[in-house]
Each structure stands twice: as C-alpha cells, then as structure tokens.
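An overview of the molecular structure
These are the residues of each chain, in order.
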Amino acid sequence: MAISVPRRTKFTLDEDRIPRAWYNIAADLPAPPPPPLHPATHEPIGPADLAPLFAMGLILQEVSTDREVEIPDPVREAYALYRPSPLYRAHRLERALDTPAHIYYKYEGVSPAGSHKPNTAIPQAWFNRQEGVKRLATETGAGQWGTALAFAGALFGLEVKVYQVRASYDQKPYRRMLMETYGAQVVASPSLTTNYGRSVLAETPDSPASLGMAISEAVEDAATRDDTKYALGSVLNHVLLHQTVIGLEAQEQMALAGEEPDVIIGCAGGGSNFAGLTFPYIGRMLRGEASYRVIAVEPEAAPSMTRGVYAYDFGDTGHMAPIVKMHTLGSDFIPEPIHAGGLRYHGMSPLVSLLKEDGVIEATSVHQRACFEAGVTFARAEGILPAPEPTHAIKVAIDQANEAKEAGEARVILFNLCGHGHFDLSAYDRHLTGALEDFEYPAERVAEALTALPRI
Ligand SMILES: Cc1ncc(COP(=O)(O)O)c(C=O)c1O
C-alpha cells in the first residue's frame, strides 16, 4: 500500500536528468574578466603556457565563452554514482527556528568522497586520461578534494599524488586512509619530496603550512615530470564550470517544489561550491531574467573577500602558478588552523571576485564557534552532520531565517550543504567540550602579507 506523504521533504530527479551541459558564466558577463598572467614575465598567458600543467581539453574550457559546455557521456555515467543529488526542504530546521521562512538545501555529501569535489575531479581525471596522462599531482586542504581526486583516479586508472596540508594531515588521519584506500599516495606538505617543500622545511621546520604552499609542491611535481599533470580543486574557471551541475539541478528541483529562492547562500574557500550552486542563478540575473540576493560566506580567520584587496596576486606561495586578479590576503598568508580546512586559502576565484567587485554578489565572514553551533542546531533538526565548511553557509541561512521571522516574511532561502562531516568529528568534539577558539586575522598581518603583491 502506498504511503501518502502530506508534505515533501526531498526533491529528487531521475538519472536521465543529470545535466548534459555545464553552464559557463563567461558567456553572460558584461565584460571579459582580467586575463591571468605568467608568474615570471607578468605577460598574459595563453593555452600553450598552461599546457605543461593541464590537459588541453580543460584549458579550452578555462578560456571558453560558450554558454553551454557539453558533459561527455563517460563523465555523466560516473556522475550517476551519486547525481542528481537531492534537494531538501528543511521542515524540521524551520520548526526548530520557529520561522516563517522556507529553507532548502542542496546536499552534495551523497557523493562517494562526501562532498561536491567529485563534480570536477571526475571530468578532470577523464580529460587527462583521454590525452594519455598517467599521473595527477594535487594539494588538499580539508582532505575532501584529495579524496575526490583519489576516487576519480581510481575510476579512470590514473595514479594520484596528494600533498596534504600539514594541519589537516595531523587533524584528519582518516581522510589520508581513505585516499590511500582509493590508491593515492599522500604526503604531508611541506614535504621532503619537492625542492620547494625542502626549502620551506629548511627555513621553518615546524611550519603549520598553507594551501598556497601545498599548491606550489603539486605544481612543481607536475612541471618536472612528463607523465604528470596538475589538478586544482577550486578557483579556476573550468573547476567552477564543472560545479554548475549543482545549480542546474537545483533549478529543476526548486521548480518541483514550486518555489523560487529569494536568498542563495554558499560557503567560499576558493569559490567552487558557491559558484556551482549560484552561477546558474546569477546567469539569470546577468541576463535580466530574475533577481536574487546571493551571499558568499567565508571564515573570519581567512577573510579574502571581506578583508583582502582586489588585485593581481600569486595563486601559490612558491610563485609557480599563474598570477590572477582576485580578492587576496597575500600569497604569504598562513591562516590559523581552524577546522574548516577547505576555507583556509589566501585568495578567491577570479570569477567570484569579479562578481563581488561588481556588486552582483555579497560577501560576509563568520567565526568558527558560531558556525559549529549552527552545525549542531542543523544536525539535531535534520540529522545530517555537516562538514565544517558548509556550517558557514548554515550559520548565515539561520540568520536569514531569524531575520525573516522578525520581519514576518515567508522568505525562501536556498543554501549549499556541500559536504558531510563524518571525518570531522574530532572538531565537533572540541566544539562540544568548549575547546574551540575563534581567530580574527590581525589587520597588521593582512597589511604585511599584502606587501608581497606582484607589481603589475
Ligand atoms: C566540504 C568543502 N566545502 C567547501 C570547500 C571550499 O572549497 P570551495 O570554496 O572551492 O567550494 C572545501 C574545500 O576543500 C570542502 O572540502
């Protein structure tokens, strides 16, 4: 006998609704974004300059201005392991907050790696395999991206080497074990396996490390081996492009729910999950078809958009990767070891930065203790344990719901729950026992780090 469900909690789509094309926001921008520059010559770089690091199929996506970029069938088949991901209406959180707001979240934690990161790891591995690449080198902050690339490497038969930021390597041994189970080789960064890593360790043997340093190690690894390319889990245009499957599906699912969001929220480290959910909506705004309030949330301890400058800067600490125009705290920035490891990056994606600069999106920053509190409220209402990164989006979604209550408004809020926190239980434990601290990045240290900006 069929059970009648009085109200719907999950809005799901069949496998044949996995998008056939990614959405490319470059087609709708009023002007082209400032070009990336070569780290040594400071001249604009073209596809040939990027070829030692990336597969040509990905480079062409990086510079494409086509609105739709076709998703190859083998990538859609691999996506079918977990896509389309569910959209939830957070009835129980709404009740707990006693708010008239309608809260929806797109849940990317259903992927095998536990986050949105396989949305780009899978096509990156596939395009590299198509071009005969045998091995990929990458960095990981939270361990989520490294896990995603290790999984994608296993799917397509590529070797994967992961430089895991020391703080996360120490905080999250189970992430390393999962990457190794998928077949990847993992070292703590800075490591003794690259010239750059050895130079950092010689100067500061107990360096707490940063994502910028781990990127330099992975870039050096790829640039010095013929069989290896580099893979980046965020920031670049093609990575954000791949993530748009999130927003494209969400638009169909919100239509099933019969609602349009008023406010759309994502946490932002390098900008990829935020862009993935919001770019298809921002595209509608840029084409004059709709209007939304779009909010990117970053940690107070790494506030690139809210406290940094919009300038050309190095993407990595060793100055080997391209120089891009973005919101930055300076490439020497070493963040405090907050538990949202994926948000501890000195810069922000150039596309997200441009939208912030043009006033299309807003940015705000929050402290980690308030985020964990929001994560616990969410877990107790909805049952899902969020990764520390999306607790930043949850905190702002809850603030929005409380504001809606005060205003007596049935505001529709949509946020990206971009990963689960099953490997982050020790961070929750520290929160529950009152051992977590808040860190505000001191203004003098921001000013100091910014003195190393390249002179363009
Ligand atoms: C679960 C999760 N969310 C968010 C991020 C931040 O990256 P991005 O801003 O590119 O989504 C990471 C990065 O590792 C992550 O693992």
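Below you will find a few notes about this structure. (Residues numbered from 1 in each chain as written. Predicted model: local features only at pLDDT ≥ 70, side-chain atom pairs only at ≥ 80, totals over all residues. Heavy atoms only, no water.)

Let us now look at the pattern of salt bridges. Evaluation of the coordinates by the stated rule reveals 21 salt bridges. Note that E249 and K106 form a salt bridge whose closest N and O atoms lie 2.7 Å from each other. Pair noted here: E249 is in helix α12 (residues 245-257) and K106 is in strand β5 (residues 102-107), with a separation of 143 residues, a long-range link. (Salt bridge = Lys/Arg side-chain N within 4 Å of Asp/Glu carboxyl O. Helix = DSSP H or I, 4+ residues; strand = E, 2+ residues; numbered from the N terminus.)

Near the ligand lie 16 residues; those nearest to it are S234, G269, G271, S272 and N273. Interatomic distance of 2.4 Å between a side-chain N/O atom of S234 and an oxygen atom of the ligand. In the environment of the ligand, an oxygen atom lies 2.8 Å from a nitrogen or oxygen atom belonging to the backbone of G271. Protein coverage of the free-state accessible area of the ligand, which is 390 Å², stands at 97%. Using a 2 Å cut-off from the grid points, one finds that the ligand occupies the largest cavity. For the shell around the ligand, a count of residues per class yields five nonpolar, nine polar and two charged. (Near = heavy atom within 4 Å. Polar contact = N/O pair within 3.5 Å; in protein donor to acceptor, adjacent residues only side chain to side chain. Areas by Shrake-Rupley, 256 points an atom, 1.4 Å probe, with all protein chains shown as cover. 1 Å grid on protein atoms, 1.4 Å probe; cavity = no way out; pocket = protein on both sides within 12 Å on 5 of 7 lines; lining within 4 Å. Sits in = over half its atoms within 2 Å of the grid points. Nonpolar A, V, L, I, M, F, W, Y, C, P; charged D, E, K, R; others polar.)

Here the focus is helix α16 (residues 368-382). Its 15 residues give α16 an end-to-end C-alpha distance of 20 Å, which sits within 8% of 21 Å, the value for a rise of 1.5 Å per residue. Along α16, the positions that sit buried rather than exposed are Q368, C371, F372, A374, G375, V376, F378, A381 and E382. Once α16 ends, the next one or two residues include G383, with phi positive near 90 degrees. (Expected span 1.5 Å × (residues − 1). Buried < 20%, exposed > 50% of the residue type's maximum accessible area, 1.4 Å probe, protein only.)

Before going further, it helps to examine the layout of surface pockets. Quantified by volume, the largest pocket comes out at close to 700 Å³. If you go around the largest pocket, you meet 35 residues; those closest to its centre are P34, P36, E62, N237 and V324. Going through the elements one at a time, α1 (47-50), α2 (56-63), α10 (211-223), β13 (323-328) and α15 (350-357) are the ones with two or more residues in the lining of the largest pocket. Taken together, the residues that form the lining of the largest pocket break down as 26 nonpolar, seven polar and two charged. (Points joined across faces, edges and corners; volume = space filled by probe spheres on them.)

This brings us to the packing of aromatic side chains. Under the criterion given, the structure shown has twelve aromatic pairs. Considering the side-chain rings of Y105 and F415, the 5.6 Å spacing of their centres and the 25 degrees angle between planes classify their relative orientation as stacked. With Y105 in strand β5 and F415 in strand β15 (residues 412-417), the pair connects residues that are 310 residues apart, well separated along the chain. The same class applies to Y105 and to F415, which are both buried. (Phe/Tyr/Trp six-rings, centres within 6.5 Å; stacked < 30°, edge-to-face > 60°.)

So, about the sheet that holds β15. The strand order β1-β4-β5-β15-β10-β11-β14 describes an open sheet built from seven strands, whose pairing is mixed. Every interior strand has two partners, whereas the edge strands, β1 (10-11) and β14 (362-366), have only one. (Pairing = 2+ DSSP bridges.)

Within the secondary structure layout, S353 lies in helix α15. Under the relative-accessibility criterion, S353 is labelled buried at 0%. Distance from S353 to A150, taken between C-alpha atoms, is 29 Å for residues 203 residues apart in sequence. Within the structure, S353 has its side chain in polar contact with the backbone nitrogen of H327 (distance 3.0 Å).

Moving on: empty space enclosed by the protein. The full count for this structure, using the stated rule, is four cavities of 30 Å³ or more. Volume-wise, the largest cavity comes out at about 350 Å³. Forming the walls of the largest cavity are 30 residues, and the residues nearest its centre are K117, G233, S234, G270 and G342. Going through the elements one at a time, β6 (135-140), α6 (144-156), α10 and α13 (272-286) are the ones with two or more residues in the lining of the largest cavity. A class-by-class count of the residues in the lining of the largest cavity yields twelve nonpolar, 15 polar and three charged. Volume-wise, the second largest cavity comes out at about 40 Å³. Surrounding the second largest cavity, Q171, K172, H339, F423, D424, S426 and A427 form its lining.

Spatially, the four strands line up as an open sheet ordered β8-β7-β6-β9, and their pairing is parallel. Since the sheet does not close on itself, it has two edges, and those belong to β8 (185-189) and β9 (228-230), each with one partner. Neighbour-to-neighbour, the strand axes of this sheet turn through a mean angle of 25 degrees, independent of strand direction. With six bridges connecting them, β6 and strand β7 (residues 159-165) associate as parallel partners. Bridge pairing links L136 to V160 in β7. Those strands touched by helix α8 (residues 173-181) are β6, β7 and β8, and its axis lies near 170 degrees from that of β7. (Axes fitted to C-alpha atoms, helices over the stretch in contact; angles between N-to-C directions. Contact = heavy atoms within 4.5 Å.)

Counting buried positions along β5 yields five of six residues, so the element is predominantly enclosed. Here strand β4 (residues 87-89) pairs with β5 via three bridges, running antiparallel. Bridging from a neighbouring strand, L87 pairs with K106 of β5. Pairing between β5 and β15: six bridges, direction parallel. Along β15, the bridge assignment pairs Y107 with L417.

For the rest of this paragraph, the subject is the pairing of β7. Looking along a regular strand, one sees side chains alternate from face to face of the sheet. The buried fraction of β7 is high, at six of seven residues. As for the winding sense of the linkage, the β-α-β connection from β6 through α6 to β7 is right-handed. With five bridges connecting them, β7 and β8 associate as parallel partners. If you follow K161 over to β8, its bridge partner there is Q185. (Right-handed = clockwise from strand over helix to strand, strands pointing away.)

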